[in-house]
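# Structural features, examined
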Amino acid sequence: MPKSGHFMVPSLVALLAFLALISGAAAAFAVVADNHSSGFTRYARVDRPDGTYRNMLVDNASLEALRRGGPAETMTILMESFSDDDLTTVFVKRRKEGRWTYGSIRPGEGLDAFRPSPPCATCHRAAGASDGTFTRPMLEGFVKTGAEQQTYCDRPGRSPCSPDVYRRTSR
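Figured I'd write up the structure that's included with this text.

Calculation notes
Residues numbered from 1 in each chain as written. Predicted model: local features only at pLDDT ≥ 70, side-chain atom pairs only at ≥ 80, totals over all residues. Heavy atoms only, no water. Pairing = 2+ DSSP bridges. Helix = DSSP H or I, 4+ residues; strand = E, 2+ residues; numbered from the N terminus. Contact = heavy atoms within 4.5 Å. Axes fitted to C-alpha atoms, helices over the stretch in contact; angles between N-to-C directions. Buried < 20%, exposed > 50% of the residue type's maximum accessible area, 1.4 Å probe, protein only. Salt bridge = Lys/Arg side-chain N within 4 Å of Asp/Glu carboxyl O.

### Topic: the sheet that holds strand β4 (residues 86-96)
One open sheet holds the seven strands; their spatial order is β6-β5-β4-β3-β2-β1-β7, and the pairing between them is mixed. The open sheet has two edge strands with one neighbour each: β6 (115-116) and β7 (149-152). With four bridges joining them, strand β1 (residues 40-47) and β7 adopt parallel strand pairing. Its bridge partner lying in β7, Asp47 is registered against Tyr152. Contacts from helix α2 (residues 60-67) reach β1, β2 (53-59) and β3 (75-83), with the element oriented near 75° to β2.

Structure (structure tokens):
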């Protein structure tokens, strides 16, 4: 019978190879799961009472235009919706030629998988948000300070928050 430790090195090598394989697979999944946000900057987080939260991102070209004090002729805003720290949906809002289009993509999809959803526009208009962008005050705060904005919405799920929630930020 072999002495204790003779099989230790091969077992350790196998264990390390297995761990490398797992971490590589996890890293590959993380890239796939986040491929929608390349070229975007997170400017805000909105927490909700049911433990869900939303991360708000804006495309970097628009952010730079806003930082220079000019308007962004085109703009894309992403709202990543999380439940228990799992990304569940990515809502997309795009402005082109003065008009906003709304829709979504699934986690892991790129923006080329954008699916329009006209009812989103109805809700944004009805809420009286500035140019239909609920988080406009938060975006402006981020542009001004460079600090990610955070607020709390007292409504659970997908219920729209009142526009004044986005003027009460911290950080």
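Continuing now.
### So, the pairing of strand β5 (residues 99-105)
Summarising burial for β5: five of the seven residues are buried, a large majority. Where β4 lies against β5, seven bridges are found, and the strand directions are antiparallel. Bridge pairing links Val90 to Ile105 in β5. Note that β5 and β6 share two bridges and pair antiparallel. Counterpart to Ser104 in the pairing with β6 is Arg115.

### Some points on the pattern of salt bridges
Counted under the stated rule, the structure contains five salt bridges. A salt bridge links Glu148 to Arg42, with the shortest nitrogen-to-oxygen separation between them at 3.0 Å. With Glu148 in the loop between α4 (136-145) and β7 and Arg42 in strand β1, this pair connects stretches of sequence that are 106 residues apart. The salt bridge involving Glu109 is made with Arg106; its shortest N-O contact spans 3.5 Å. Look at the salt bridges and you will find they share partners, linking Arg106, Glu109 and Arg115 into a network.

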